[in-house]
Amino acid sequence: MKKSLITLLVAATTSLSAFAWPDKPITLVVPFPPGGSTDLIARTLSGKMGEKLGGATVVVENKAGATGTIGATYIARAPADGHTLFVSSLGPFVIAPHLFKVTYDALKDLEPITVVVQAPNVLVVPAASARTSVAEVIAYQKANPGKMSFASSGNGSSDHLTAELFWQQTGTSGVHVPYKGGGPVMSDLLGNQVESSFMNINTALPQIKAGKLRALAITSAKRSPLLPDVPTLEESGVKDANVQSWQAVAAPRGLPADVKKRLHDAIVASINDPAVTPKLLELGFEVVLNTPEQFAAFQASEYARWQKLITSRNIKAD
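Caption draft 1: Representation of the environment of Ala 119 in the model. When you line up the elements, Ala 119 lands in strand β4 (residues 110–126). Judged by relative accessible area, which is 0%, Ala 119 ranks as buried. In sequence terms Ala 119 and Pro 25 are 94 residues apart; their C-alpha atoms lie 30 Å from each other. Residues in contact with Ala 119, not counting those within four places in the same chain, are Asn 200, Ile 201, Asn 202, Gln 244, Ser 245, Gly 284 and Phe 285.

The following block contains the structure:
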C-alpha cells in the first residue's frame, strides 16, 4: 500500500511540474556578444518558442566573456527549473575546457537538450591569391614550411583548430595569425594582409559570391548546396578533416524529464516552422535537432576529439 501511495505521489508531482512550467519568463543565455551566429540562433528561438509553449515569454541575455566560459559557468550554477537555458556554439561545450582553467564540468554540469544547427568551415583565400586549389596550398606549404599565413578569430576557435587539423593531416605547417573575432579576419583577408582562413560558411559566403574571396574546399562530409562547385577536403585528398561548427541548447544539470521533453519539443517545432527553416538554410546552416541522448553522445565524442588535437598540437590559450 505504501509503495502504491509513493508511486501516486511521484506521478502527481511530475504531472504538476509539467502543468506549472513555465511560470515565469524563460531566459536564453548566450555567452557571446550580440550579432554573431549564436546570437542569431538564440533570437530565432526566442521569437518562436513562446508561441510553441502557449504564450510563454522567452528573452535572450548575452553574458559574453572568456570565450564563452562566463556564460557556461553561470548556467552550471543556475536553478535546473527550465527557466534558464544555454544557447552556445561548440567552444564552451568541447573546446574551452581543454584550453582554460574553467569552474564548470562541461560533461557533467550542462544538461544536453539538442544540437540545433551545424555549419562547415570553408578554406578561403583572397581572390588575387596564386593558390587556386587545396593541392596547390599543400604543395606551397611543403616547399615553404611555416610561411603561409592562416588567420583565425582567436586561439582555440573552430577556424584555428581546423587549420591545425589540416596541417596535421597533410604533414605541413603554416603560420597561425589569431585575431579577436571574425570581423578583423575578413578585413585583412580582403586587404591581402593574410593569405588564408578556414572561415565559417555563414561569414564567408557573401564575399565568395561577390568574387572577393576564393573558396578552395569545404570541411563538411559532402558538398554544400550553397557552394556546389567547391569540393570537400576529403575530395581534395585530406582525410579525416570533417569539421562542423555547431550551435546547441543545454540547461543546468538536473532538469526535470517532463520539462526537458517540452523544451525539446518546443525547440524542434520552432526551428521546423515554415517561416524559420528556409532562412537558416539560406545562411548555410544545416538543421540537426537531435535528441538529448544523441547530443550527449555527440558532445562526449567531440570533447575527446578536440582534447586529443589540442594536446597533440600543444595548442595554448591567449
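Next comes the rest of the write-up.
Caption draft 2: Main features of the packing of helix α2 (residues 37–52) against helix α9 (residues 257–271). For the pair α2 and α9, interaxial distance at closest approach is 8 Å and the crossing angle is 115°. Classified by chirality, the crossing of α9 by α2 is right-handed. When α2 is examined against α9, the residues Thr 44, Leu 45, Lys 48, Met 49 and Lys 52 are found in contact with a partner set consisting of Leu 263, Ala 266, Ile 267, Ala 269, Ser 270 and Ile 271. Looking at the contact of α2 with α9 residue by residue, the classes come out as seven nonpolar, two polar and two charged.

Caption draft 3: How the structure looks around α9. Compared with an ideal rise of 1.5 Å per residue, which puts 15 residues at 21 Å, α9 spans 21 Å between its outermost C-alpha atoms and is within 8% of the ideal. Taken together, the buried positions of α9 are Asp 258, Val 259, Lys 260, Leu 263, His 264, Ala 266, Ile 267, Ser 270 and Ile 271.

Caption draft 4: Up close: the side chain of Lys 260. Summarising the element assignment, Lys 260 is placed in helix α9. Overall, the relative accessible area of 16% leaves Lys 260 in the buried class.

Caption draft 5: Expanded view of helix α7 (residues 182–190). Here α7 has its buried residues at Val 185, Met 186 and Leu 189. Projected onto a plane normal to the axis of α7, the buried residues spread over an arc of 95° and lie on a single side. Looking at the buried side of α7, the elements it contacts are β4, β5 (149–152), β7 (196–200), α8 (201–209) and β8 (213–218). Following α7 by one or two positions, Asn 192 has its phi on the positive side, about 60°.

Caption draft 6: Layout of the pattern of salt bridges. All chains considered together, the criterion is met by 14 salt bridges. Its salt-bridge partner being Asp 273, residue Lys 48 comes within 3.6 Å of it at the nearest N-O pair. Taken as a pair, Lys 48 in helix α2 and Asp 273 in the loop between α9 and α10 (277–282) lie far apart in primary sequence, 225 residues in all. By the burial criterion, Lys 48 is buried, and Asp 273 matches it. Members of the salt-bridge network, linked through shared partners, are Lys 48, Glu 51, Lys 52 and Asp 273.

Caption draft 7: Focus on the packing of helix α5 (residues 134–143) against helix α6 (residues 158–170). Remark: α5 packs on α6, axes separated minimally by 12 Å, with the N-to-C direction vectors making an angle of 75°. When the axis of α5 is compared with that of α6, the two are roughly perpendicular. Touching Val 134, Val 137, Ile 138, Gln 141 and Lys 142 of α5 are Phe 166, Trp 167 and Thr 170, all from α6. Here the residues of the contact of α5 with α6 are counted per class, giving five nonpolar, two polar and one charged.

Caption draft 8: Structural view of unusual backbone geometry. With omega at -5°, the peptide bond leading from Trp 21 into Pro 22 counts as cis. Within the secondary structure layout, Pro 22 lies in the loop between α1 (2–20) and β1 (26–30). One non-glycine residue with positive phi stands out, namely Ala 66, at about 55°. Here Ala 66 lies in the loop between β2 (58–62) and α3 (69–77). In this structure, Asn 192 is a non-glycine residue whose phi angle is positive, near 60°. Note that Asn 192 resides in the loop between α7 and β7. On the basis of relative accessible area, Asn 192 is assigned to the partly exposed category, the value being 49%.

Caption draft 9: Molecular detail of the environment of His 176. By the secondary structure assignment, His 176 is in strand β6 (residues 175–178). Linking His 176 and Ser 197, residues 21 residues apart in sequence, is a C-alpha distance of 9.3 Å. At 2.7 Å, the side chain of His 176 and the side chain of Ser 152 are in polar contact. Only 3.4 Å separates the side chain of His 176 from the side chain of His 160, close enough to count as a polar contact.

Caption draft 10: A look at the pairing of β6. Note that β5 and β6 share four bridges and pair parallel. In the strand pairing of β6, Phe 150 is matched with His 176.

Caption draft 11: Looking closely at the nonpolar core. In terms of nonpolar packing, the biggest core is built from 48 residues, with Leu 28, Met 49 and Leu 85 touching the most fellow members. Those residues in contact with Met 49 that sit more than four places away from it in its chain are Leu 28, Val 58, Leu 85, Leu 263, Ala 266, Ile 267 and Ser 270.

Conventions adopted
Residues numbered from 1 in each chain as written. Predicted model: local features only at pLDDT ≥ 70, side-chain atom pairs only at ≥ 80, totals over all residues. Heavy atoms only, no water. Helix = DSSP H or I, 4+ residues; strand = E, 2+ residues; numbered from the N terminus. Buried < 20%, exposed > 50% of the residue type's maximum accessible area, 1.4 Å probe, protein only. Contact = heavy atoms within 4.5 Å. Axes fitted to C-alpha atoms, helices over the stretch in contact; angles between N-to-C directions. Left-handed = near helix turned anticlockwise from the far one by under 90°. Nonpolar A, V, L, I, M, F, W, Y, C, P; charged D, E, K, R; others polar. Expected span 1.5 Å × (residues − 1). Arc of directions from axis to C-beta. Salt bridge = Lys/Arg side-chain N within 4 Å of Asp/Glu carboxyl O. Parallel < 35°, antiparallel > 145°, perpendicular 65-115°, else oblique. Polar contact = N/O pair within 3.5 Å; in protein donor to acceptor, adjacent residues only side chain to side chain. Pairing = 2+ DSSP bridges. Core = buried A, V, L, I, M, F, W, Y, C linked by side-chain atoms within 4.5 Å.

Treat this as a map of the structure, not an account of what it does.
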